[in-house]
Amino acid sequence: EAQVTQNPRYLITVTGKKLTVTCSQNMNHEYMSWYRQDPGLGLRQIYYSMNVEVTDKGDVPEGYKVSRKEKRNFPLILESPSPNQTSLYFCASSFLAGGPNEQFFGPGTRLTVL
Amino acid sequence: AQSVAQPEDQVNVAEGNPLTVKCTYSVSGNPYLFWYVQYPNRGLQFLLKYITGDNLVKGSYGFEAEFNKSQTSFHLKKPSALVSDSALYFCAVRARYGQNFVFGPGTRLSVLP
């Protein structure tokens, strides 16, 4: 089944404890992206990747890191999480980096930083 | 800078009635426009997109959207709402030669039986 998977689905952590949220897609998509969803703000793009080893900042990149060493994986790293990073996070992918290609979304990761 | 507005936080409609969820955008050039739906505890699902050409786009589950260039709008419509259409709807835009996507804040649709 074609899908985007994220792990973990739920995570409660404490301020300053490094964490990684994994994202993997099995559709051979070039483009991958991370979003956070907050009430009243919709989805805001954190980082995106146009292909292996090619990443760029979205609208809210502060406090996050990403890497794209393999085409299928795009982990999101929080080196020192803070309470304002408590949010619902979505990974997404699309076939090509540009153009009108729609994105396929993962199921989401709900992160709470205490 | 790109931006998307969804002027209504909440839309209520009776089952069987037509529904409209509004979206306006601001982006230079001719953008690509998308609608996504999010059901509770789920990721976003793609509904439809506008690329070019016909201003009326048909998508999944009987939804359609009307592109209006002069009003920079891309309203989502359905002729007859179902209770199962109740969900959170997001409009999104991507500049024709851009890489990033910008989403609106979302509109919660409630279809009342």
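Thresholds applied
Residues numbered from 1 in each chain as written. Chains lettered and ligands numbered in written order. Predicted model: local features only at pLDDT ≥ 70, side-chain atom pairs only at ≥ 80, totals over all residues. Heavy atoms only, no water. Disulfide = S-S within 2.5 Å. Helix = DSSP H or I, 4+ residues; strand = E, 2+ residues; numbered from the N terminus. Buried < 20%, exposed > 50% of the residue type's maximum accessible area, 1.4 Å probe, protein only.

Colleague: I tried to follow the state of the cysteines on my own but got confused; where do I start?
Modeller: Covalently bonding the sulfur atom of one cysteine to the sulfur atom of another cysteine gives a disulfide. In total, this model carries 2 disulfides over all chains according to the counting rule given. A sulfur-sulfur distance of 1.8 Å marks the disulfide that ties A:Cys23 to A:Cys91. A torsion of -70° about the S-S bond marks the disulfide between A:Cys23 and A:Cys91 as left-handed. Taken together, the positions of A:Cys23 in strand E3 (residues 19–25) and A:Cys91 in strand E9 (residues 87–94) put the pair 68 residues apart, joining distant regions of the chain. Across the pair, A:Cys91 and A:Cys23 agree in class, each one buried. Across the disulfide, B:Cys23 is cross-linked to B:Cys91 (sulfur-sulfur distance 2.0 Å). Its S-S torsion of approximately -65° makes the covalent link between B:Cys23 and B:Cys91 left-handed. On the criterion of sequence distance, the pair formed by B:Cys23 in the loop between strand E3 (19–21) and strand E4 (24–26) and B:Cys91 in strand E10 (residues 87–94) is long-range, its members being 68 residues apart. The same class applies to B:Cys23 as to B:Cys91, namely buried.

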